[in-house]
Each structure stands twice: as C-alpha cells, then as structure tokens.
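The residues making up each chain are set out below.
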Amino acid sequence: MNKEDWDKLADQLAALPGGAVAALPDFFGNLVSDELAPITSDWDYDGWVLKDEGMLSLRLNDAVDGMRLFYVTEEGELGIARAGNELLQVAREKNVSALILLLVAIATGQVDDGRRLKVELPKIDAAAKDLMLMTVCRLCG
C-alpha cells in the first residue's frame, strides 16, 4: 500500500460515528482487555492484551523498514502481517491507531496476512471486517 491508500483508510476511519477513537471500544472492546500490554520485544510499538488469550503486538520491523503485526502467546509468537513505513507515518499524521489501521487494511484485502488473522484470531478478524464495512464499504457504511 502507498501513502495515499493509508490516507484514504485513515480518513474513512475518521468518518466513523465518534471518530477513529471509537473504533477500539465499539468494535474490539469486548475482545480486548483494559490492561496495558506488556513489552514482548525491543521493537514493540503498540499492543492489545486479548481477553481470550495472548496479545496482538504491532512492532517496528527490525530487519527492514515498516511495521509487523504479531500474535503473541505463552507458546510463542506468530507473524500475522507486514506493512511499510507509510502506515506509521499516516497513523501519526491523522491521529489514528496504527494497529486499527492495519487491521482494517487486512480486512479490506489491501494487506495480505495469508489468512493468519482469520485462523488464529477469528473474533478479531470478524471485528475488523465489521469495522471495515462501517467505514470503507460504500454500500453499507
């Protein structure tokens, strides 16, 4: 995805009733704990402790530029998806959660996760798709 694609997604999130900040409580609130996510890597940028098990961790990509999303459990961690530097740049410019922006991009199919989100975290995947329908889908939202 390029910067314009990320800008468009961020603008669509901002158009959500209550703005982009409403996305977490309205769509993921029943899945995410209120506790602060522990640091799981030197590269952690943002994270959510999940009520079911484990956590989602958005990290700066230590190998190359960009961001990586991981599902972290006691048994280990699974890489879910990667995004370029534009994700973080747009998230900061538009004051939108980079984690939510990435989840919406996965839901739209603009970022390939190899269906790992759907397999490992089906409730998060479903919530991201619901959010996508409310923000991106011109027929629904």
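Everything discussed here concerns the structure shown above.
What counts, and where the lines are drawn
Residues numbered from 1 in each chain as written. Predicted model: local features only at pLDDT ≥ 70, side-chain atom pairs only at ≥ 80, totals over all residues. Heavy atoms only, no water. Pairing = 2+ DSSP bridges. Helix = DSSP H or I, 4+ residues; strand = E, 2+ residues; numbered from the N terminus. Axes fitted to C-alpha atoms, helices over the stretch in contact; angles between N-to-C directions. Buried < 20%, exposed > 50% of the residue type's maximum accessible area, 1.4 Å probe, protein only. Expected span 1.5 Å × (residues − 1). Arc of directions from axis to C-beta. Contact = heavy atoms within 4.5 Å.

(A) Quick peek at the sheet that holds strand β3 (residues 67-73). Across the sheet, four strands lie side by side as β1-β2-β3-β4; this open sheet has antiparallel pairing. A single partner strand is all that each edge strand has here, and the edge strands are β1 (44-49) and β4 (76-83). Strand-to-strand twist in this sheet, taken as the mean axis angle between neighbours without regard to direction, amounts to 20 degrees. Judged from the six bridges that link them, strand β2 (residues 55-60) and β3 form a sheet pairing that is antiparallel. Bridge pairing links leucine 60 to methionine 67 in β3.

(B) Focus on the environment of methionine 132. Its place among the elements puts methionine 132 in helix α6 (residues 122-135). Assessed through its relative accessible area of 16%, methionine 132 is described here as buried. It is 12 Å that separates the C-alpha atoms of methionine 132 and alanine 15, two residues lying 117 residues apart in sequence.

(C) Here's a closer look at α6. Taking 1.5 Å of rise per residue, 14 residues should cover 20 Å, and α6 covers 20 Å from first to last C-alpha, within 8% of that figure. For α6, the complete set of buried residues consists of Ile124, Asp125, Ala127, Ala128, Leu131, Met132 and Thr135. Viewed end-on, α6 has its buried residues packed into an arc of 165 degrees, placing them on one side of the element. Buried-residue contacts for α6 involve α1 (3-14), α2 (23-28), β2, α4 (98-108) and α5 (116-120).

(D) Geometry of the pairing of β4. Note: β3 against β4, seven bridges, orientation antiparallel. In the sheet register, valine 72 faces β4, and the bridge partner there is glutamate 77. The loop that links β3 with its antiparallel partner β4 comprises two residues.

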